[in-house]
Amino acid sequence: MSRQLIIYSPAGIVSAAAPVRRATKRLTALGFEPSVDASALTKHQRFAGDDATRRDAIHRVAQAAPAVALATRGGYGLSRLLDTLDFKQIARSVEQGTAWVGYSDVTALQLAALAHKATGPAKPGEGVSAGFWAGPMACDDFGRDDSPEGGDDVTQECFVEAMTGELEAVGFRTEADFDGLDVVGRLWGGNLAVTQALLATPHFPKIKNGVLFLEDVNEHPYRIERALLQLHQAGVLSSQRAIVLGAFTEYRRSPLDRGYTLKSVIHYLRELTQVPILTGLPFGHVPVKLSLPLGRQVNLVVQGREAFIMW
């Protein structure tokens, strides 16, 4: 069954139209009925249009209430829009069946929607795809020119299952020492820098006893540690049932590190909190990424080194 899908640009500039065309072709082959929002290729400084243009695009998509609202890319720009977005209209689109999908800078929209109760119920029922999903985006995951399929096939298959309501769980391999972990909580998070930037604003969701997942790109381990420390010192980490770390990629090491690595960061954080911190989640600025339902109640279970997130 074909499902209406709108590709729109809420954040950074789309430098060329070719990836969007390739994504449209690939998404059609996957069973969707894609269309491209009128302002998706607009350019203003580093943004996909000025603030009003991008805000209007989000509202236009919300009003259309397609089965899927898929961002072209992240970059930067959504934080500028949060004070002016109509979250009631966005909530209505979810009620009408829209699944909003993206990651990276789209984390700002996702967490703000969660804070403003626009993501739908925590327990929507079996087979429901409507809501907010941390998942792939049009240009990099469906429109790549170095892949015959436009992107990673596992990423695309997971996305299709999520958007058709068939996806009920994801799994990944984590470190030892978490065997037997079994927690329940609302799944939330996304890009670490964006999550940190929303702290103490009206757009930061106050999730207690949740399962917080995080990823980032181009951030040295000390900057990752600093961001995690702020969340810890603000009481966010200690109020969760579990923290799940995805990919932290594309940073440069420094001669000053002298053995200080991302593993050092994780070890240090584990000494500060009793909340289990798992690694290995296939999510972030990497080719293989899962689709994860933001705001839904999930069950995180670890058997040996195999971790499962079920909803």
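Our subject is the structure listed above.
Residues numbered from 1 in each chain as written. Predicted model: local features only at pLDDT ≥ 70, side-chain atom pairs only at ≥ 80, totals over all residues. Heavy atoms only, no water.

Undergrad: Would you mind going over the nonpolar core with me for this structure?
TA: Generally speaking, soluble globular proteins have nonpolar side chains that are buried together. Counting 94 residues, the largest nonpolar core has W100 and F159 as the members making the most contacts within it. Here the element with the most residues in this core is helix α4 (residues 107–115); it accounts for six residues. Ignoring any residue separated from it by four or fewer positions in sequence, one finds W100 in contact with Y8, I58, V61, A62, A69, I90, S93, V94, L109, G131, F132 and W133. (Core = buried A, V, L, I, M, F, W, Y, C linked by side-chain atoms within 4.5 Å. Buried < 20%, exposed > 50% of the residue type's maximum accessible area, 1.4 Å probe, protein only. Helix = DSSP H or I, 4+ residues; strand = E, 2+ residues; numbered from the N terminus. Contact = heavy atoms within 4.5 Å.)

Undergrad: Would you mind going over the pattern of salt bridges with me for this structure?
TA: When their charged atoms lie close together, side chains carrying opposite charge are able to pair. According to the stated counting rule, one finds 11 salt bridges in the structure shown. The closest approach of N and O atoms between R54 and D51, which form a salt bridge, is 2.4 Å. In this pair, R54 and D51 are both assigned in helix α2 (residues 51–64), three residues apart and thus about one turn of the helix distant. Exposure remark for D51: the relative accessible area of 25% places this residue in the partly exposed category. For D141, the salt bridge identified is with K289, shortest N-O distance 2.7 Å. Placement of the pair is D141 in helix α5 (residues 138–142) and K289 in the loop between β10 (277–279) and β11 (292–294), with a sequence separation of 148 residues. Each member of the pair, D141 together with K289, is buried. (Salt bridge = Lys/Arg side-chain N within 4 Å of Asp/Glu carboxyl O.)

Undergrad: For this particular structure, what's the right way to read helix α9 (residues 262–272)?
TA: Quick reminder: α-helices carry 3.6 residues per turn. Residues three or four places apart thus point the same way. Of all the residues in α9, the buried ones are L262, V265, I266 and L269. Angular distribution of buried residues about the axis of α9 spans 95 degrees; they occupy a single face of the element. With respect to the buried face of α9, the exposed residues turned more than 90 degrees away are K263, H267 and E271. The residue sitting at the N-terminus of α9 and contributing the capping side-chain oxygen is T261; that oxygen lies 3.2 Å from the backbone nitrogen of K263. (Arc of directions from axis to C-beta. Polar contact = N/O pair within 3.5 Å; in protein donor to acceptor, adjacent residues only side chain to side chain.)

Keep in mind that these numbers describe shape and distance, not what the molecule does.
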